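Reading the structure
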Amino acid sequence: MDRFIKADYHTHTVNSHGKGTIEENVVKAIERGMEVIAITDHGFGQPFAGITPKKFESMKDQVAALREKYKNIKIMLGVEANIINKKGDVDLTEEQIKEMDIILSGYHLTATEWKIPALFNMVCPALLWKMGHISKAQIEKNTKTYLDMLDRYPIDVVTHPGYLLSLDYKTFGKACAELGTYVEISTRHEMPSKEGLLELLDTDCKFIINSDAHELDQIGRVDYALNLIEELKIQDRVVNYNSSEIKLRSKS
Ligand SMILES: [Zn+2]
Ligand SMILES: [Zn+2]
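Residues numbered from 1 in each chain as written. Chains lettered and ligands numbered in written order. Predicted model: local features only at pLDDT ≥ 70, side-chain atom pairs only at ≥ 80, totals over all residues.

**What to know about the overall build of the chain**
Filter applied, for reference: Working definition: helices are DSSP H or I runs of at least four residues, strands are E runs of at least two. Numbering for both runs from the N terminus. To get the radius of gyration, use the C-alpha atoms; to get the globule rule, take the number of residues to the power 0.38 and multiply by 2.2 Å. Note on burial: count the other C-beta atoms lying within 10 Å of the residue's C-beta; 20 or more is buried, 12 or fewer is exposed, in between is partly exposed, and C-beta positions come from the backbone. Residue pairs are scored as contacts if the distance between their C-beta atoms, which are placed from the backbone, is within 7 Å.
Looking only at helices and strands, one finds eight helices and seven strands in the chain. Computed over its C-alpha atoms, the radius of gyration of the chain comes to 17 Å, within 12% of the 18 Å expected for a compact globule of 252 residues. Its C-alpha atoms give the chain principal-axis dimensions of roughly 50 × 45 × 35 Å. Buried positions account for 45% of the 252 residues belonging to the chain. Within the chain, residue pairs in contact and separated by at least 24 positions form 77% of the contacts whose partners lie at least 6 positions apart.

Here it is as structure tokens:
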């Protein structure tokens, strides 16, 4: 039987490289009995796939109209920002952060800053990760990048942690717990793996399970994450397992 979560805090639309319009995502979520949907397209620094300030203005207008039209669902408008360099910079300005209902951030190869150090420190390790070459020294560097990002930006959710850039999950999880940032268990990228999740469980971090839907049928579907958390019996560590309301770091 198909199972859907009540609150999906990570979905894409045609405004980045998803297939559905904002309204189509919302309607699908309502059909599936959901209570919350967040529209979180790729960040401003991602060529071709990312949103633009102009697009975002139109998205705000669309969401405002949809909130009037569909009152039985909470519609949030945020972003899946990009970590763009080793320093942990993110492709968002302070002004843009204020305009977002929720801020997700993750690493995406194509959004890496187009400068030699970033290419060397992020793209090369990510390509090596794809080939299965992961060094301990690189894991430490990646972890520092994520921690520096979390220190400087009020990130609510880190998406698919460990995908492309491997992390020292214990150090990362501890920082997320201290700062109030949720660790996403990504069904789309199957990240973290079960082994990674076991390491994160040694810390006090909280998890969030999202679809990262790029197509309408994926909205609310989190099979990988559900299977894993039920197998490990860690439902109480997952903020949107039983509840659709979550506390956001960027709003506190
Ligand atoms: Zn992503
Ligand atoms: Zn995504």
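What follows continues from the structure just given.
**Some remarks on the packing of helix α1 (residues 22–31) against helix α2 (residues 53–69)**
Heads up, the condition is: Throughout, an axis means a line fitted to C-alpha atoms (over the contacting stretch in the case of helices), and angles, computed between N-to-C directions, take values from 0 to 180 degrees. In this scheme the crossing of two helices becomes right-handed for a clockwise turn of the near helix relative to the far one and left-handed for an anticlockwise turn of less than a right angle.
For the pair α1 and α2, interaxial distance at closest approach is 10 Å and the crossing angle is 35°. Where α1 crosses over α2, the handedness of that crossing is right-handed. Of the residues in α2, those in contact with Ile22, Glu23 and Val26 of α1 are Met59, Gln62, Val63 and Leu66.

**Focus on the environment of Asp91**
Inspection of the secondary structure assignment puts Asp91 in the loop between β3 (74–82) and α3 (94–99). You can call Asp91 partly exposed: it has 19 C-beta atoms within 10 Å. Residues Asp91 and Gly45 lie 46 residues apart in sequence; the distance between their C-alpha atoms is 5.2 Å. Not counting the four nearest positions on each side in its chain, Asp91 is found in contact with Gly43, Phe44, Gly45, Ala81, Asn82, Ile84 and Ala111.

**Topic: the packing of helix α5 (residues 136–152) against helix α6 (residues 169–179)**
As a reminder of what qualifies: Every angle not falling under 35 degrees, over 145, or within 65 to 115 is termed oblique; those three ranges are roughly parallel, roughly antiparallel and roughly perpendicular. Asp, Glu, Lys and Arg are counted as charged, while Ala, Val, Leu, Ile, Met, Phe, Trp, Tyr, Cys and Pro are counted as nonpolar; the rest, among them Gly, fall into the polar class.
One way to put it is that α5 packs onto α6 with a least axis distance of 10 Å and a crossing angle of 5°. Taken as axis vectors, α5 and α6 run roughly parallel relative to one another. Across from Thr143, Tyr146, Leu147 and Leu150 in α5, the residues of α6 making contact are Thr171, Phe172, Ala175, Cys176 and Leu179. In the contact of α5 with α6, the residues fall into seven nonpolar, two polar and no charged.

**Structural notes on the sheet that holds strand β5 (residues 157–158)**
Adjacent strands of a sheet pair through backbone hydrogen bonds, lying either parallel or antiparallel. This is how it is decided: Pairing between two strands requires that DSSP report at least two bridges joining them.
One open sheet accounts for seven strands, arranged β1-β2-β3-β4-β5-β6-β7; its pairing is parallel. This sheet does not close on itself; its edge strands, each paired only once, are β1 (7–11) and β7 (207–210). One ladder, built from four bridges, connects β3 with strand β4 (residues 103–106); its direction is parallel. Following the sheet pairing, Glu80 is matched in β4 by Leu104.

**A short note on the pairing of β1**
So the rule is basically this: Handedness of a crossover is defined as follows: with both strands directed away from the viewer, a clockwise route from the first strand across the helix to the second makes it right-handed.
The buried count for β1 comes to five of five residues, which makes it a mostly enclosed element. For β1 and strand β2 (residues 36–42), the ladder comprises three bridges, and the chain directions are parallel. Within β2, the residue paired with Ala7 across the bridge is Val36. A crossover connection joins β1 to the parallel β2 through α1; in handedness this β-α-β unit is right-handed.

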